[in-house]
Protein chains: 2
Amino acid sequence: MNRLSNIYPTDRVTLREVGLRDGLQLVRTWPDTDAKRAWLAAEARAGVRHFEGGSFLPAARFPQFADILDVIETAGTLGVHSAALALNERGAAEAMATGIGEVVCVVSATEEHSQANMRRSRADAVALVGQVTALRDATVPDKVINAGIAMCFGCSISGDVAPAEVLRLAEACLMAGADIVGLADTVGYAGPRSVGALCADMARLCGDRPFIIHLHDTRGMGVANAAAALDNGARVIDASLGGLGGCPFAPGATGNVVFEDIVFLAESMGFPTGIDLEGLKEARAIVEKAMPGEAFHGALNRAGPPQNAGWRATPVA
Amino acid sequence: MNRLSNIYPTDRVTLREVGLRDGLQLVRTWPDTDAKRAWLAAEARAGVRHFEGGSFLPAARFPQFADILDVIETAGTLGVHSAALALNERGAAEAMATGIGEVVCVVSATEEHSQANMRRSRADAVALVGQVTALRDATVPDKVINAGIAMCFGCSISGDVAPAEVLRLAEACLMAGADIVGLADTVGYAGPRSVGALCADMARLCGDRPFIIHLHDTRGMGVANAAAALDNGARVIDASLGGLGGCPFAPGATGNVVFEDIVFLAESMGFPTGIDLEGLKEARAIVEKAMPGEAFHGALNRAGPPQNAGWRATPVA
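Residues numbered from 1 in each chain as written. Chains lettered and ligands numbered in written order. Predicted model: local features only at pLDDT ≥ 70, side-chain atom pairs only at ≥ 80, totals over all residues.

Draft legend 1. How the structure looks around the overall build of chain A. Per the secondary structure count, chain A includes 12 helices and 8 strands. Here the C-alpha radius of gyration of chain A, 18 Å, is about what a compact globule of 317 residues would show, namely 20 Å. The C-alpha extent of chain A, read off along each of the three principal axes, is 55 × 45 × 40 Å. (Helix = DSSP H or I, 4+ residues; strand = E, 2+ residues; numbered from the N terminus. Rg over C-alpha atoms; globule rule 2.2 N^0.38 Å.)

Draft legend 2. Molecular detail of the environment of I149 of chain B. Residue and element names in this part refer to chain B. As for its position among the elements, I149 is in strand β5 (residues 144–150). A residue is classified by how many C-beta atoms lie within 10 Å of it, and I149, with 29 of them, is buried. With 43 residues separating them in the primary sequence, I149 and V106 have C-alpha atoms 6.0 Å apart. If near-sequence neighbours (up to four positions away) are discounted, I149 is found in contact with V107, A109, V166, L169, A170, V181, G182, L183 and A184. (Buried ≥ 20, exposed ≤ 12 C-beta atoms within 10 Å, placed from the backbone. Contact = placed C-beta atoms within 7 Å.)

Draft legend 3. Focus on the sheet that holds strand β2 (residues 50–56) of chain B. Residue and element names in this part refer to chain B. Reading around the barrel, the 8 strands line up as β1-β2-β3-β4-β5-β6-β7-β8 and close back on themselves, with parallel pairing between neighbours. On average, adjacent strands in this sheet sit at an angle of 30 degrees to one another, irrespective of strand direction. With 4 bridges connecting them, strand β1 (residues 14–17) and strand β8 (residues 236–239) associate as parallel partners. Within β8, the residue paired with R16 across the bridge is D238. Set on the sheet, helix α4 (residues 89–96) makes contact with β2, β3 (81–86) and β4 (102–108); between it and β3 the angle comes to about 160 degrees. In this fold helix α5 (residues 111–118) packs onto β4 and β5, with an angle of close to 125 degrees to the strand it touches most, β4. (Pairing = 2+ DSSP bridges. Axes fitted to C-alpha atoms, helices over the stretch in contact; angles between N-to-C directions.)

Draft legend 4. Layout of the packing of helix α6 (residues 122–139) of chain B against helix α7 (residues 163–175) of chain B. All names here are of chain B. Where α6 meets α7, the closest approach of the two axes is 8 Å, and the angle between their N-to-C directions is 30 degrees. By the criterion of interaxial angle, the relationship of α6 to α7 is roughly parallel. For the pair α6 and α7, the crossing hand works out as right-handed. Only L169, A172 and C173 of α7 make contact with α6, whose side of the interface consists of R122, V126 and V129. Its residues assigned to classes, the contact of α6 with α7 comprises 5 nonpolar, no polar and 1 charged. (Parallel < 35°, antiparallel > 145°, perpendicular 65-115°, else oblique. Left-handed = near helix turned anticlockwise from the far one by under 90°. Nonpolar A, V, L, I, M, F, W, Y, C, P; charged D, E, K, R; others polar.)

Draft legend 5. Representation of the sheet that holds strand β8 (residues 236–239) of chain A in the model. Residue and element names in this part refer to chain A. With respect to topology, 8 strands assemble into a closed barrel ordered β1-β2-β3-β4-β5-β6-β7-β8, the strand pairing being parallel. Taking each pair of neighbouring strands and ignoring which way they run, the sheet shows an average axis angle of 30 degrees. Strand direction decides the pairing type here: strand β7 (residues 212–215) and β8, joined by 3 bridges, are parallel. Bridging from a neighbouring strand, I213 pairs with I237 of β8. Most of the contacts of helix α10 (residues 259–268) go to strand β1 (residues 14–17), to which it runs at about 180 degrees, and overall it touches β1 and β8.

Draft legend 6. Quick look at the interface of chain B and chain A. Opposite the 36 residues of chain B that make contact, chain A presents 35 residues. Mapped onto the side of chain B that touches chain A, the elements with two or more residues apiece are α8 (192–206), α9 (222–231), α10 (259–268) and α12 (300–303) of chain B. Considering only residue class, the side of chain B that touches chain A consists of 18 nonpolar, 12 polar and 6 charged.

Draft legend 7. Looking closely at the pairing of β8 of chain A. Every second residue of β8 of chain A is oriented toward a common face, with V236 and D238 of chain A on one face and I237 and A239 of chain A on the other, all of them buried. In this view, the connection linking β7 of chain A to its parallel neighbour β8 of chain A by way of helix α9 (residues 222–231) of chain A has right-handed handedness. (Right-handed = clockwise from strand over helix to strand, strands pointing away.)

Draft legend 8. The arrangement of the packing of α8 of chain B against α9 of chain B in detail. Residue and element names in this part refer to chain B. The N-to-C vectors of α8 and α9 enclose an angle of 25 degrees; their axes lie 8 Å apart at closest approach. When the axes of α8 and α9 are compared, the pair comes out roughly parallel. Remark: the crossing between α8 and α9 carries right-handed chirality. Residue-level inspection shows P192, V195, G196 and C199 of α8 in contact with α9, the latter providing A224, N225, A227, A228, A229 and D231. Looking at the contact of α8 with α9, its residues break down into 7 nonpolar, 2 polar and 1 charged.

Draft legend 9. Region of interest: the relation of the copies chain B and chain A. Note on the copies: chain B fits chain A at an RMSD of 0.0 Å, the axial shift is 0.0 Å, and the rotation between them is 180 degrees. Those values place the two copies in the arrangement expected of a two-fold rotation axis. Identified as the residue of chain B closest to the rotation axis by C-alpha distance is A224 of chain B, at 1.8 Å. Both copies share a contact surface, since 97% of the interface residues of chain B are interface residues in chain A too. (Least-squares fit on C-alpha atoms with pLDDT ≥ 70 in both.)

Draft legend 10. Just the confidence of the model for chain A, in detail. Put simply, chain A has an average pLDDT of 95, and 96% of its residues get 70 or more. Two summary scores accompany this predicted model of the complex, namely pTM at 0.97 and ipTM at 0.96. (pLDDT = per-residue confidence, 0-100.)

Take a look at the structure:
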């Protein structure tokens, strides 16, 4: 697992900026390529090293991701790790031909959501993970394959989700060759107890491999859920600058957990992030200017960290 | 401790609505007495049973609390528990002459804040707890005496606060006769680790008595901190409808943790609250109308609970 341990070391916390992908999925306006470059550069200056930069999707239907190659190239120039979604074999083949660091496949925890969202069964989605892995092995063995499992804590279509089902799918993804699996609370149904319990089970399943937790703040539980995840073995957390990624069906609803606030949380819990909050403020100013119609969330951007008290974890030597 | 066990039973979670006190402390506009009555009645209908209704302070300087007697009377009519701050002997004597259920004294965790905020030493503040308790014992023995300790997790004047100092003061307040002690993160410096650790120590100190945790969401950690508190023995949580109580020095900053969101958190963690979120929406509409200039926060009011999945704890028999 050298491929993985360099990118997601298990002895520290990694924060993945997913705003350029999840944050742009449903918005009306998005940054042009220059603004995306400036966004990436500003966050990289602030110490962010992991970016989900978009999706390999038809540009006609998803124009916000039409410049995915530019995003990947920019990440390469900046020396940061880039990831993007590939939702079928064509997308995966496209991804392999780029300098991207990580290809993300999506699996749903429920059959109903899998069919509705991807028009394929869960078994077919897991099989695609295997095909993408095989393609990677045959062409560019340095790329990480990430299998993200949606609706792990409840499904907007089918309701409650059994943790055992999620674990079965996670194991199937790992068996199919995924290097790393992500657990997503896609619709923000989770509370800290369910997140903590599933992360503890995942930590046992994954052994010395890391796994990802992807949380949405729809019901205000995002930071609490991230804390529970860190308390129970999660070491890779997805977040987006300003919580970009609101759902169009819930105006004003926050989407992803807020990157800035997760930096403060992780540091307060003893996990050094290497990320500078002032630098994130500069990045946010760039993105806010590029997306004037969007709501940006988060407390740290507004309040700043305590000025006269310790809040940083001791840095990793 | 019969007085206490009826009001704050240790076998369940109690949520205290502090919006009528902490939420009105620093605002420019506040509800008139009729609106306060409607606010109390609506939250009581939703199942809220504990209210901090104001402070015994000179009406000339704090006109928002001039109708504290009406608030106490309304609470009595509704059959809910009322509390109010008394910051000196005169205020305490006034309180004892009313039908209020609980008198709250304030102590600061740091000498600097105690002097700046109350113009008295911490020792004098603890002594006042003793005087108020003695007055209660001599006049109306059924009233609860609550000692709230401010700045327990960091102080805006003196910075870091040693947990041992907080515990020493908490013990001193209990020795002075307080029935219950509250730990306040007055300026939102805490993270879940510091909250969890101090609550665990407090639970040991308090034995079979409950204690209160009072959290501010200034840095977005409020819900995570409440989860850590519940995980470590806290059973009484302060919160305010819509997170009322923003600090005037940080525009848009949320103040108290959001009552609605703490209901969802507690239920998701297996603690039944008996509180109806639809009812809280109705209460919020009343308060928003009465305070048109204020910002109201919170995710549950916007997103609602999951419609197709379980989120309620099993009710207490």
